[in-house]
Amino acid sequence: MGHIAMFPEELPKRLIKMFSFVGETVLDPFLGSGTTSLAAKNLGRNSVGYEINSEFKPVIQEKLWGNQLDIFSMDSEVTFEEGSPADISFDRLPYIFHDPHKMDKQVDVKKMQFGSKIDKTEVKRNDLFSVKKVISPDKIELNDGRTVRLLGIKPNLQYQSQAIGFLKDKFTKRKVFLKYDTVRYDKEDNLLCYVYLDNKTFINNHLVRTGFVDVDTSFDYSCQKKFLNSVPN
Ligand SMILES: C[S@@+](CC[C@H](N)C(=O)[O-])C[C@H]1O[C@@H](n2cnc3c(N)ncnc32)[C@H](O)[C@@H]1O
């Protein structure tokens with residue numbers, strides 16, 4: 001499970017190094033998965049953060065303490081406190097920002113997402129396959145012996161070998177997982193699939209983007225519009 005809007009540790013790392021000294025405290029008002037705190041910890045800084053979504057507690061815990069079995073034996077610790085930024089005594093702050101723009105509507109931030117979603121579409125190990133053979137631009141054979149068809153892909157005879165080459169390259173040393181549409185089988189009883197690499201690269205769409213295949217418009221399926229938009233000009 002991961003936060004959908006994580007940034008790489010290198011980003012806060014550079015800023016923390018630039019703007020603080022060892023032992024100082026870094027504040028991240030939008031903690032998310034806790035990347036800022038991780039960078040702070042690894043650079044010998046303390047950190048404090050706000051996160052509106054309590055579902056991230058285990059994600060933050062995992063990110064900061066990962067494989068360490070006993071967090072209490074370490075010389076630093078992570079604690080969570082319930083509360084809201086409103087608990088801060090604003091009149092004691094050295095500088096108070098007054099927004100000259102009047103707000104014309106009130107929103108309940110807790111009802112909005114602001115990138116605050118946990119991606120629960122984790123792929124289980126046994127849903128992953130390897131590709132034994134690329135038969136044609138729209139057909140592949142999986143390691144379990146099944147032959148499946150890439151939904152929405154219409155081979156273009158002119159670029160057949162380029163399309164096959166592209167797929168072979170993508171599938172080398174990678175595992176794939178499959179997703180299905182409402183239309184499950186074609187007329188020849190081939191299973192129709194959206195094929196994804198284990199890193200979630202959407203192969204059908206990437207193949208369309210190469211221009212080596214056409215988009216199948218002979219029937220309706222949910223990604224048809226997306227594929228048509230991916231056709232290179
Ligand atoms: C873009 S994410 C931050 C991602 C983070 N940099 C990381 O690497 O994981 C923004 C986070 O701010 C949180 N957030 C949004 N509004 C907030 C608020 N008013 N108070 C505290 N957290 C808030 C969201 O729940 C979301 O997790």
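Throughout what follows, the structure given in this document is the object of discussion. If you're wondering where the values come from, they're calculated on a predicted model, not measured in any experiment.

Basis of the calculations
- Residues numbered from 1 in each chain as written.
- Predicted model: local features only at pLDDT ≥ 70, side-chain atom pairs only at ≥ 80, totals over all residues.
- Heavy atoms only, no water.
- Helix = DSSP H or I, 4+ residues; strand = E, 2+ residues; numbered from the N terminus.
- Salt bridge = Lys/Arg side-chain N within 4 Å of Asp/Glu carboxyl O.
- Buried < 20%, exposed > 50% of the residue type's maximum accessible area, 1.4 Å probe, protein only.
- Contact = heavy atoms within 4.5 Å.
- Pairing = 2+ DSSP bridges.
- Core = buried A, V, L, I, M, F, W, Y, C linked by side-chain atoms within 4.5 Å.
- Polar contact = N/O pair within 3.5 Å; in protein donor to acceptor, adjacent residues only side chain to side chain.

## Some thoughts on unusual backbone geometry
Now for step 1: In this structure, Asp189 is a non-glycine residue whose phi angle is positive, near 70°.
Now for step 2: One non-glycine residue, Lys200, lies in the positive phi region at around 75°.
Now for step 3: Residue position: Lys200 is located in the loop between strand S10 (191-197) and helix H5 (203-210).

## Some points on the pattern of salt bridges
Now for step 1: The full count for this structure, using the stated rule, is seven salt bridges.
Now for step 2: As a salt-bridge pair, Glu141 and Lys132 come within 3.4 Å of each other at their nearest N and O atoms.
Now for step 3: The exposure class of Glu141 is buried, given its relative accessible area of 19%.
Now for step 4: Look at Lys132 and you get exposed, because its relative accessible area is 58%.
Now for step 5: Asp216 is the salt-bridge partner of Arg149, the closest N and O atoms lying 3.9 Å from each other. Here the residue Arg149 occupies a position in strand S7 (residues 147-150), and Asp216 occupies one in the loop between strand S11 (213-215) and helix H6 (224-230), the gap between them amounting to 67 residues. When sorted by exposure, Arg149 lands in the same class as Asp216, which is buried.
Now for step 6: Beyond isolated ion pairs, a larger network of salt bridges with shared partners links Asp138, Arg149, Asp186 and Asp216.

## Description of H5
Now for step 1: Those residues of H5 that sit buried are Ile203, Asn204, Asn205, Leu207 and Val208.
Now for step 2: In this structure, the buried side of H5 is in contact with S7, strand S8 (153-155), helix H4 (160-171), S10, S11 and H6.
Now for step 3: The first or second residue beyond H5 is Gly211, which carries a positive phi of 85°.

## Here's the deal with the pairing of strand S6 (residues 139-142)
Now for step 1: Pairing between strand S5 (residues 129-136) and S6: four bridges, direction antiparallel. Within S6, the position partnered with Val131 by the bridge is Leu142.
Now for step 2: Joining the antiparallel neighbours S5 and S6 is a turn of two residues.
Now for step 3: Judged from the three bridges that link them, S6 and S7 form a sheet pairing that is antiparallel. In the sheet register, Lys139 faces S7, and the bridge partner there is Arg149.
Now for step 4: The hairpin turn running from S6 into S7, its antiparallel successor, is four residues long, and Gly145 in that turn takes a positive phi close to 90°.

## Looking at the environment of Lys132
Now for step 1: Residue position: Lys132 is located in strand S5.
Now for step 2: Between the alpha carbons of Lys132 and Thr147 there is a distance of 9.7 Å; along the sequence they are 15 residues apart.
Now for step 3: In contact with Lys132, not counting residues within four places along its chain, are Glu141, Leu142 and Asn143.

## Examining the nonpolar core
Now for step 1: Grouped together as the largest cluster of nonpolar side chains are 34 residues, with contacts concentrated most on Ile140, Phe171 and Val195.
Now for step 2: At the level of secondary structure, the elements contributing two or more residues to this core comprise S5, S6, S7, H4, strand S9 (175-179), S10, H5 and S11.
Now for step 3: In terms of residue count, S10 provides more of this core than any other element does, seven residues in total.
Now for step 4: Those residues in contact with Ile140 that sit more than four places away from it in its chain are Val131, Lys133, Val134, Ile135, Arg146, Thr147, Val148, Leu150, Phe171 and Val195.

## Focus: the pairing of S9
Now for step 1: Bridge analysis of S5 against S9 gives two bridges, and the strand direction is antiparallel. Paired with Phe129 across the bridge in S9 is Val176.
Now for step 2: In the sheet, S9 pairs with S10 via four bridges, with the strands oriented antiparallel. Following the sheet pairing, Val176 is matched in S10 by Leu197.

## What about the side chain of Asn205?
Now for step 1: Along the chain, Asn205 turns up in helix H5.
Now for step 2: A distance of 2.7 Å separates polar atoms of two side chains, one belonging to Asn205 and the other to Ser230.
Now for step 3: Setting aside anything within four residues of it in sequence, one finds Asn205 in contact with Lys226, Phe227 and Ser230.

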